[in-house]
Amino acid sequence: MTRPATAVIGAGIIGCLIARELADRDQDASVIVLDRDAIGAGASRRSAGLFLPRGASARVRRMSAYSQAYYADLRARRPDLPIHPVGATVIAGGAPGQRIARHYDDAEPTQVTSLSCHSLSLPEGTLAWRVPRCHHADVYQVAQALAAELRPMTRFLEGVEVTRLAVTGAAVTMSLSTGEQLVADSVVLAPGPWLASPAWRDLVEPLGLRVKKIVAAHIEQRPGPGAQVVVFDDEDAFLLPLHRRGHWLFSYTCQEWDVDPDALTGSLTAADLAAARDCLRRYSPDLASACLAGRVFCDAYSPEAEPVVRRLDAAGRIVFAGAANGSGYRLGPAISAAAVDLVRARREEITLSKRSHT
Ligand SMILES: Cc1cc2nc3c(=O)[nH]c(=O)nc-3n(C[C@H](O)[C@H](O)[C@H](O)COP(=O)(O)OP(=O)(O)OC[C@H]3O[C@@H](n4cnc5c(N)ncnc54)[C@H](O)[C@@H]3O)c2cc1C
């Protein structure tokens, strides 16, 4: 196998965006993307794909603004991609004005009489804000489309697991499930929730990341033509009309930590459904009782609740990119740009050091 300059491990939405960023910055870049499964078949496959222009910190708000512009440009170039603009209303109780204004770009307080879904009502004491520039996407399809556009300049090895990573001199050697070895100048690790792989567990452990279950219930009721996203800020939950699929999705914050992605079957438990219904009942007993199905998986979370893009080894040849805290689609473009900045900075350091020795 010819030696690539950069190997990306993980072909989820983040790995595919990293490959695209590498190709955008250097058309001759030799890049290979490896995945133990199929492209987009990890956390990305079950993602709700909601993009909201928000962030609890200045860094995440910057990442969100960058990613919003990136997706707007991608959609303009590829109108065929399943990226769909959608209106959104954020509902919050108490005195949340400052928080909403701080966390969301351009949120505008609004009087809401109907929440674009007739069976929803605003509990007393809650207020509503309209939020512009939201969209949702079929993340699996977007990852597949990005990979298709990059081939054949970028090589994709699906169904090939990386079983060992070792920095050897001026390169990184990867052992593969196929029995082969692959050597690259640098590696970007985008493993989604597979943090505990023996190949990189020890390298990733100091980052203090954890894996949390994510649950989104499906509500078998067809959203009306003007239906919009409703975000329940107090609960960190949202209701998303999936017009093309013909049903609603309700995502709530599950607090099941330290789950193993390989042990999750994709099936909802009684506790998942009960938690979804409890959360939604405050706004709509009708929709709550219609939560009967859904999608379940997990994602990597960081102690700072911000994505992590960091060098993992002393030589700076392995860069970690991920831990997006359930926002890997939303912040993926900014995560990818930061990861490629690190890879290229390392390359420039090497070039400069070679020059200073000649
Ligand atoms: C139910 C649900 C709803 C969500 N809703 C949203 C949302 O509305 N908005 C949003 O922004 N985010 C959402 N998320 C989160 C988002 O989907 C994730 O943050 C994002 O998909 C992570 O992308 P990734 O590329 O890091 O990980 P993944 O998509 O998991 O990709 C990682 C890849 O690495 C591969 N891999 C792992 N180990 C190895 C190995 N040893 N060798 C080779 N390959 C390996 C895996 O096979 C996998 O394909 C949701 C997630 C879930 C589960």
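Within each chain, residue numbers correspond to sequence positions counted from 1 in written order. Reporting in this predicted model follows two pLDDT cut-offs: at least 70 for local features of residues, and 80 or more for side-chain atom pairs to be given and counted; totals over whole chains, interfaces and linings ignore these cut-offs and use all residues. To obtain the side-chain values, all non-hydrogen atoms of the structure were included, while hydrogens and water were left out.

Asks: Explain the site of the ligand to me, using residue names and the numbers behind them.
Replies: The local shell around the ligand holds 37 residues, among which D35, A43, S44, D299 and R330 are the closest. Two N or O atoms form a polar contact when they lie within 3.5 Å of each other; inside protein one atom must be a possible hydrogen donor and the other a possible acceptor, and for residues adjacent in sequence the pair counts only when both atoms belong to side chains. Interatomic distance of 3.1 Å between a backbone N/O atom of I14 and an oxygen atom of the ligand. Between an oxygen atom of the ligand and a side-chain N or O atom of S47, the distance comes to 3.0 Å. Alone, the ligand offers 1,000 Å² of accessible surface; in the complex the protein occludes 98% of this. A run of H or I in DSSP counts as a helix once it spans at least four residues, and a run of E counts as a strand once it spans at least two, with each numbered from the N terminus. Elements supplying a minimum of two residues to the shell around the ligand: α1 (13–25), β2 (31–35), α2 (43–46) and β16 (291–301). Charged means Asp, Glu, Lys or Arg here, nonpolar means Ala, Val, Leu, Ile, Met, Phe, Trp, Tyr, Cys or Pro, and polar covers whatever is left, Gly included. Of the residues that constitute the shell around the ligand, the class distribution is 20 nonpolar, 10 polar and 7 charged. Start and end positions for the domains come from either an automated domain assignment or a database one. Structurally, the shell around the ligand is a two-domain feature, drawing no fewer than three residues from each of domain 1 (1–82 + 138–209 + 303–358) and domain 2 (85–135 + 210–301). Definition of nearness: a residue and a molecule or strand are near each other if at least one heavy atom of the residue lies within 4 Å of the molecule or strand. Accessible surface is estimated by sampling points in the Shrake-Rupley manner with a 1.4 Å probe; for residues, cover comes only from the protein chains shown.

Asks: Before we move on, can you summarise the domain arrangement of the protein chain with the specific residues and values?
Replies: Once the domains are mapped, the protein chain shows domain 1 (1–82 + 138–209 + 303–358) and domain 2 (85–135 + 210–301). Computed from C-alpha coordinates alone, the two centres of domain 1 and domain 2 are separated by 28 Å. We call two residues contacting when some pair of their heavy atoms lies within 4.5 Å. Across the boundary between the two partners, domain 1 contributes 33 residues, which contact 30 residues of domain 2. Defined here as a combined quantity, buried area equals the accessible surface (1.4 Å probe) lost by two parts on assembly, summed across both. Of all residues in domain 1, R46, L50 and P53 bury the most surface against domain 2, accounting for 24% of the area lost on that side.

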